[in-house]
Amino acid sequence: MLDKKLLKQQLLDDLYAPYKNRILCPLGSMGRKNVVFGRGNPDAHLLFIGEGPGRDEDEQGKPFVGRSGRLLSRTLDTLGIDESEVYITNIVKCRPPNNRAPLPNEAS
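Values in this document were obtained by computation on a predicted structure and should not be read as measured data.

For the rest of this paragraph, the subject is the sheet that holds strand 1 (residues 39–40). Here three strands make up an open sheet; going across it, the order is 1-3-2 and the pairing mixed. Unpaired on one side and paired on the other, strand 1 and strand 2 (46–50) mark the two borders of the sheet. Bridge count for strand 2 against strand 3 (residues 86–90) is five bridges, and the pairing is parallel. Looking across to strand 3, one finds that Leu46 is bridged to Val86.

Below you can see the structure in the form of structure tokens.
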């Protein structure tokens, strides 16, 4: 039987599967390079949710790897929180065109 962490990761993978195929993401056909899902510990007690992926996140396919990610990493380090113990994601999984704010119908 799968342990709790692996089960939660499988549930997240299942939840995100339609986005990979551009079925659910309203931003999927608007010029993004990658779908940007969450990263980190799926069994975390601490969750960080950003607005949407920026250029660096779109390039790498990971949330919070650009300037905001570096600030978050430094803040976690200062607080003595190991990044492997948190989960990080965004309201939208694809970068909005021209890095605009996501529209309400694009949030997921």
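Picking up after the structure, the text goes on.
Attention now moves to the packing of aromatic side chains. The tally for this structure, following the rule as stated, stands at one aromatic pair. Judged by centre distance (4.2 Å) and plane angle (15°), the ring pair of Tyr16 and Phe37 falls under stacked. Of the two residues, Tyr16 sits in helix 1 (residues 4–20) while Phe37 sits in the loop between helix 1 and strand 1, which places them 21 residues apart along the sequence.

As a further point, take unusual backbone geometry. Positive phi outside glycine occurs at Asn98, with the angle close to 55°. Along the chain, Asn98 turns up in the segment after strand 3. Assessed through its relative accessible area of 80%, Asn98 is described here as exposed. Although it is not a glycine, Asn99 adopts a positive phi angle of roughly 60°. Looking at the secondary structure, you find Asn99 in the segment after strand 3.

Taken together, the side chains of Leu47, Ile49 and Ile91 define a hydrophobic patch exposed on the protein surface, amounting to about 260 Å² of accessible area. Classification of Ile91 by relative accessible area gives partly exposed; the value is 35%.

Enumeration according to the criterion identifies three salt bridges in this entry. For Asp56, the salt bridge is made with Arg55, and the minimal N-O distance between the two is 3.5 Å. Relative accessible area serves as the criterion here: at 54%, Arg55 is assigned to the exposed category.

Definitions and cut-offs
- Residues numbered from 1 in each chain as written.
- Predicted model: local features only at pLDDT ≥ 70, side-chain atom pairs only at ≥ 80, totals over all residues.
- Heavy atoms only, no water.
- Pairing = 2+ DSSP bridges.
- Helix = DSSP H or I, 4+ residues; strand = E, 2+ residues; numbered from the N terminus.
- Phe/Tyr/Trp six-rings, centres within 6.5 Å; stacked < 30°, edge-to-face > 60°.
- Buried < 20%, exposed > 50% of the residue type's maximum accessible area, 1.4 Å probe, protein only.
- Patch = residues over 30% accessible without salt bridge, like charges linked within 9 Å, V, L, I, M, F, W, Y side chains within 5 Å.
- Areas by Shrake-Rupley, 256 points an atom, 1.4 Å probe, with all protein chains shown as cover.
- Salt bridge = Lys/Arg side-chain N within 4 Å of Asp/Glu carboxyl O.

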